[in-house]
Amino acid sequence: MLTKRIIPCLDVKDSKVVKGKNFKGLRFAGDAVELARKYYEDGADELVFLDINASAEKRKTVAGLVEKISKEIAIPFTVGGGISEVEDIRKLLKAGADKVSINTAAVNNPNLIKESAERFGSQCVMVAVDAKKIGEKWIVFIESGKKQTNLDALEWTRKAESLGAGEILLTSIDADGTKNGYDIEITRKISEGVGIPVIASGGAGNLEDILKVFKDGKADAALAASIYHYNKFTIMETKRFLKANGVEVRL
């Protein structure tokens, strides 16, 4: 049985880690390099770094910061934000990223997924999907949740998979930062609707939320930020709790 992964997320703005609610009201959460080292030492399976304003500000991800973080950790490291072409991906992989996460650019140019997968391998290409429930559907948003598209989240994830995406990073805008739990319904729909791993993001407030997104949401990995940034729980506490409740994790 494949083990479930616990992935802390560094949302970075102006080289500092921040956290908000529903993609708004950002507040300082710590130094990116220090937090990365802390999570690595505490047993994180992977680390995700998202330069959250890069796409909206039409600029590239800060490669220098990526390089500093990569030197402090020895676990898979995903970087996203401001990627618009294959060359951007090459630079981030060269700076120390193991995978890249593309969202806005993938929506604007779906062929970027195919080109990237063909050049670097699907294992390097994660497609991030920021979804918000509107009516009876979950709709994809881009530019850090600022711009609504006409894409249905489930249909878009299937298309991303067909183009070569190796993983989906699914964030519920409705649940983000609320600490009220992940959006189980859309997580389960997408986890069951694609054949590639799905990372659930948005809403973790306690260890039961993470257990639920694995058992009921069928996620392959759980991404969390607030509960770790503000020392509510440690990653090893999370893993021991999951193990005790029948979820296979790496200890």
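The structure we're discussing is the one just above.
Everything numeric in this text was worked out from a predicted model, so none of it was measured.

Help me understand the overall build of the chain, please; the structure alone is not making it clear to me.
Each helix and strand counted, the chain has ten helices and twelve strands in total. Compactness check: the chain gives a C-alpha radius of gyration of 16 Å against a globular reference of 18 Å for 251 residues, within 12% of the reference. In terms of principal-axis extent, the alpha carbons of the chain reach across some 45 × 40 × 35 Å. Per-residue burial over the chain gives 57% buried out of 251 residues. Residue pairs at least 24 apart in sequence account for 67% of intrachain contacts in the chain once pairs closer than 6 positions are excluded.

Sorry if this is basic, but what is going on with the pattern of salt bridges here?
Opposite charge on two side chains makes pairing possible when the charged atoms of those side chains draw close. Within this structure, the stated rule accounts for twelve salt bridges. The partner of R5 in a salt bridge is E167, and the shortest N-O contact between them spans 2.8 Å. Taken together, the positions of R5 in strand β1 (residues 5-13) and E167 in strand β10 (residues 167-172) put the pair 162 residues apart, joining distant regions of the chain. Linking E118 and K114 is a salt bridge whose minimum nitrogen-to-oxygen distance equals 2.8 Å. Taken as a pair, E118 and K114 lie in helix α5 (residues 111-120) at a separation of four residues, close to a single helical turn. The exposure class assigned to E118 is exposed, which follows from its relative accessible area of 57%.

I'm lost on the packing of aromatic side chains in this one. Help?
By convention here, two paired aromatic rings are described through the distance between centres and the angle between planes. This structure, assessed with the given rule, holds two aromatic pairs. For the pair F49 and F77, a centre-to-centre distance of 6.4 Å together with 90 degrees between the ring planes defines the contact as edge-to-face. Of the two residues, F49 sits in strand β4 (residues 47-51) while F77 sits in strand β5 (residues 77-80), which places them 28 residues apart along the sequence. Here the two residues F49 and F77 agree in accessibility, since each one is buried.

What should I look at first to understand helix α2 (residues 63-70) in this one?
A turn of α-helix holds 3.6 residues, and therefore any two residues three or four places apart point the same way. Within α2 the residues assigned to the buried category are L65, V66, I69 and S70. Buried residues of α2, viewed axially, fall in a sector of 135 degrees; they line one side.

Please explain the nonpolar core as it appears in this structure.
One broad trend across soluble globular proteins is that nonpolar side chains are buried collectively. Counting residues in each nonpolar core, the largest one holds 73 residues, and the members touching the most others are I69 and I210. If near-sequence neighbours (up to four positions away) are discounted, I69 is found in contact with L10, A32, V33, A36, L47, F49 and F77. Membership of the second largest hydrophobic core comes to ten residues, among which are C9, L50, A128 and L223.

What's the story with the pairing of strand β9 (residues 147-152) in this structure? I'm lost.
On a regular strand, one side chain projects to one face of the sheet and the next to the other, so that they alternate. Here strand β8 (residues 137-142) runs beside β9; their pairing, made up of three bridges, is antiparallel. The residue of β9 that forms the bridge with I139 is D152. Counting the residues in the hairpin turn of β8 and β9 gives four residues, including E143, whose phi is positive at 55 degrees.

Teacher, can you tell me more about the packing of α5 against helix α6 (residues 153-163) here?
Think of two packed helices as two axes; the pair is described by the angle between the axes and how far apart they sit. At their nearest, the axes of α5 and α6 sit 8 Å apart, and the two run at 35 degrees to each other. Between α5 and α6 the crossing geometry is right-handed. The residues of α6 that touch α5, namely those facing I113, K114 and A117, are W156, A160 and L163.

Sorry, what's going on with a positive patch on the surface here?
Side chains of K133, R188, K189 and K218 sit close together on the surface and give a patch of like positive charge. With respect to the helices and strands, the residue R188 is situated in helix α7 (residues 184-193).

Conventions used here
- Each chain has its residues counted from 1, following the order in which its sequence is written.
- In keeping with the model being predicted, local features are shown solely for residues with a pLDDT of at least 70 and side-chain atom pairs are shown and tallied solely at 80 or more, while totals for entire chains, interfaces and linings include all residues.
- Heavy atoms throughout the structure, all of them, feed into the side-chain values; hydrogens and water do not.
- We count a stretch as a helix when DSSP gives it H or I for four or more residues in a row; a strand needs E for two or more, and each element gets its number in order from the N terminus.
- Only the C-alpha atoms count toward the radius of gyration. The rule for a globule is 2.2 Å times the residue count to the power 0.38.
- Think of it in three bands: with a 1.4 Å probe and only protein chains considered, a residue is buried below 20% of the maximum accessible area for its type, exposed above 50%, and partly exposed in between.
- Residue contacts are counted whenever heavy atoms from the two residues lie within 4.5 Å of one another.
- The term salt bridge refers to a pairing of a side-chain nitrogen on Lys or Arg with a carboxyl oxygen on Asp or Glu at a separation within 4 Å.
- Two rings belonging to Phe, Tyr or Trp (six-membered ring only in the last case) form a pair when the distance between their centres is within 6.5 Å. Interplanar angles under 30 degrees mark stacking, angles over 60 mark edge-to-face geometry, and anything in between is tilted.
- Think of it as the arc spanned by the lines of direction from the helix axis to the C-beta atoms.
- What makes a nonpolar core is a set of buried Ala, Val, Leu, Ile, Met, Phe, Trp, Tyr and Cys residues whose side-chain atoms join them at distances within 4.5 Å.
- By the convention used here, strands pair only if DSSP detects at least 2 bridges between them.
- Angular values range over 0 to 180 degrees, each being the angle between N-to-C directions of two axes fitted as lines to C-alpha atoms, with helices fitted over their stretch in contact.
- Note on convention: near helix rotated counterclockwise from far helix by under a right angle means a left-handed crossing. Clockwise means right-handed.
- Patches here: salt-bridge-free residues with over 30% relative accessible area, like charges joined within 9 Å, nonpolar side chains (Val, Leu, Ile, Met, Phe, Trp, Tyr) joined within 5 Å.
- Each accessible area is a Shrake-Rupley estimate made with a 1.4 Å probe; only the visible protein chains count as cover when residues are assessed.
- The sign given to each residue is positive for Lys and Arg and negative for Asp and Glu; His and the chain ends receive no count.
- Where a charge lies is defined by one atom per residue type, namely NZ (Lys), CZ (Arg), CG (Asp) and CD (Glu).

Read these as spatial facts, not as claims about activity.
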